[in-house]
Amino acid sequence: MNPMVRKPREFFDLHVKSLVLVFGTFFDTYDVQFVRTIAVLKLCSNVETLALPGFFAHALQRNALRELRRFMTSPGLSPRRLHIGSSLFPRDQRHFSHPIFRQVTHLEFLSKASRPERWDWSTLRYLPQLTHLSVYMPYGEVAYCKWAEGVLAVCSQEFRVFILWVELEFPPTEDEANAIRNGDVDSRLVLGYTDMEEDEVEMGSPSPYTMLRSYQDLIHYKNVPQNGSIYGADGFNFWAEAEGIIENRRSDKSRVRCFTVLTLS
C-alpha cells in the first residue's frame with residue numbers, strides 16, 4: 001500500500017479483502033512500522049483474509065506492543081482466514097474469545113511465544129465456524145496426543161482439519177508420532193514437521209501421512225494472496241495437502257479392512 005495514494009476510507013473497506021503485513025522487512029524503526037501497521041489495519045476493517053507474519057513480542061518496544069495488543073483484542077477486525085502469533089495478545093488474555101476470532105474458518109496459529117498450557121484452548125468452542133486449524137508448537141516435553149485430543153474435543157462437528165506442526169529437533173515420541181500418523185488419535189489430525197534448514201526440508205517428509213515445511217514457510221508470506229486465500233510462502237495450499245493425507249489414510253485403512261475380511265473368509 002503506497003501511503004502517498006490518497007483514497008477515501010470507504011475505498012479500503014469495500015475493496016481490500018486480503019491483507020499480508022510482514023513485520024521487520026523494511027528499514028524503518030519498529031515504532032514506525034508499528035504505527036503504519038495500526039493505520040493499515042484500521043483502514044481495512046472488512047478484510048476477510050489477514051496474515052501478520054513476523055510479529056513477535058521481542059521485536060516491539062513496550063509501548064508499541066501495548067497499543068498493538070489493545071487493538072488486536074478490540075472489535076476492529078473479524079477476518080475469516082487468519083495467520084497470527086500468540087505474542088500479539090496480552091499474557092492475561094490468551095484465549096480465542098476475542099472478536100478477531102469470531103468469524104474465523106481457517107486459523108494458522110503460531111504459539112512460539114507461549115507454551116501450550118499458557119493458552120486457554122477450551123475457548124475454541126466459541127468459534128462455531130472454525131473448520132481448519134494449524135498450530136505451530138516449537139516445544140519438546142509436550143504430551144502431544146493428549147493435548148490434541150483436548151483441542152479437538154471442543155471443536156464443532158463441522159471441524160475438518162487440524163495440522164500440528166512440530167520441529168524436527170523436538171519431535172513427539174515414537175509412540176505418539178505413530179498414533180498421530182495412523183489416525184489413531186483422531187482422523188482429522190495431521191502431523192507436520194518443520195526445520196530451520198532448507199536442505200532438511202528438501203529431503204522430503206520423514207514418514208508417510210505427514211507434512212514437511214521449512215520454518216520460513218510457516219512464519220513468512222512472500223507471495224500475494226491467490227484467489228482470496230493465503231497459503232504459505234510458496235503459495236502452496238497446505239490445507240489441500242492435509243485434506244489429501246486424511247482422505248488417503250482413510251482409503252488405505254478401508255482397503256486393509258477389506259483385504260483382512262476377504263483373507264479370513
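Refer to the structure printed above.
Our subject in this report is the structure included herewith. No experiment lies behind these values; they were computed from the predicted model shown.

**Remarks on the overall build of the protein chain**
Piece 1. Counting secondary structure elements, the protein chain contains eight helices and eight strands.
Piece 2. Here the protein chain holds 265 residues, and 50% of them are scored as buried.
Piece 3. Contacts spanning at least 24 positions in sequence make up 70% of the contacts within the protein chain whose residues lie at least 6 apart.
Piece 4. Total accessible area on the protein chain is roughly 13,800 Å²; 52% of this is exposed by carbon and sulfur atoms.

**Topic: the packing of aromatic side chains**
Piece 1. According to the stated counting rule, one finds 14 aromatic pairs in the structure shown.
Piece 2. Judged by centre distance (4.8 Å) and plane angle (80 degrees), the ring pair of Phe109 and Trp119 falls under edge-to-face. With Phe109 in strand β4 (residues 106–110) and Trp119 in the loop between β4 and β5 (132–136), the pair connects residues that are ten residues apart, well separated along the chain.
Piece 3. A residue is classified by how much of its surface remains accessible, and Phe109, at 1% relative accessible area, is buried.
Piece 4. Pairing Phe109 with Trp121 gives two aromatic rings, centres 5.7 Å apart and planes at 85 degrees, and the pair type is edge-to-face.

**Here's the deal with the pattern of salt bridges**
Piece 1. In the structure shown here, the tally under the stated rule is six salt bridges.
Piece 2. Of the charged contacts in the structure, one is a salt bridge between Lys253 and Asp184, with a shortest N-O distance of 3.7 Å. You can see Lys253 sitting in helix α8 (residues 238–264) and its partner Asp184 sitting in the loop between α5 (174–181) and β7 (189–195), a full 69 residues away along the chain.
Piece 3. Taking the relative accessible area as the measure of exposure, Lys253 reaches 31% and is therefore partly exposed.
Piece 4. A relative accessible area of 55% places Asp184 in the exposed class.

**Description of the sheet that holds β5**
Piece 1. The sheet built from eight strands is open, its strands ordered β1-β2-β3-β4-β5-β6-β7-β8 with parallel pairing. Every interior strand has two partners, whereas the edge strands, β1 (18–20) and β8 (210–214), have only one. This sheet shows a mean twist of 15 degrees between the axes of neighbouring strands, independent of strand direction.
Piece 2. In terms of strand pairing, β7 meets β8 through five bridges, oriented parallel. Bridging from a neighbouring strand, Asp195 pairs with Ser214 of β8.
Piece 3. Across the sheet, helix α4 (residues 144–153) lies against β5, β6 (161–167) and β7, angled at about 150 degrees from β6, the strand it touches most.
Piece 4. Across the sheet, α5 lies against β6, β7 and β8, angled at about 125 degrees from β7, the strand it touches most.

**A closer look at the nonpolar core**
Piece 1. The biggest cluster of nonpolar side chains holds 54 residues, and the ones touching the most others in it are Met72, Ile84, Leu107, Trp121 and Phe162.
Piece 2. Sort the elements by how many residues they give to this core and α4 lands first, with six residues.
Piece 3. Leave out the neighbours within four places in its chain, and Phe162 touches Leu133, Val135, Trp147, Ala148, Val151, Leu152, Arg188, Leu189 and Val190.
Piece 4. By size, the runner-up hydrophobic cluster in this structure holds 15 residues, among which are Tyr136, Trp165, Trp239 and Ile246.

**Re α5**
Piece 1. Within the sequence span of α5, burial applies to Glu176, Ala177, Ala179, Ile180 and Arg181.
Piece 2. Where α5 ends, the next residue or the one after it, Gly183, has phi of about 80 degrees, a positive value.

Conventions and cut-offs
- Residues numbered from 1 in each chain as written.
- Predicted model: local features only at pLDDT ≥ 70, side-chain atom pairs only at ≥ 80, totals over all residues.
- Heavy atoms only, no water.
- Helix = DSSP H or I, 4+ residues; strand = E, 2+ residues; numbered from the N terminus.
- Buried < 20%, exposed > 50% of the residue type's maximum accessible area, 1.4 Å probe, protein only.
- Contact = heavy atoms within 4.5 Å.
- Areas by Shrake-Rupley, 256 points an atom, 1.4 Å probe, with all protein chains shown as cover.
- Phe/Tyr/Trp six-rings, centres within 6.5 Å; stacked < 30°, edge-to-face > 60°.
- Salt bridge = Lys/Arg side-chain N within 4 Å of Asp/Glu carboxyl O.
- Pairing = 2+ DSSP bridges.
- Axes fitted to C-alpha atoms, helices over the stretch in contact; angles between N-to-C directions.
- Core = buried A, V, L, I, M, F, W, Y, C linked by side-chain atoms within 4.5 Å.

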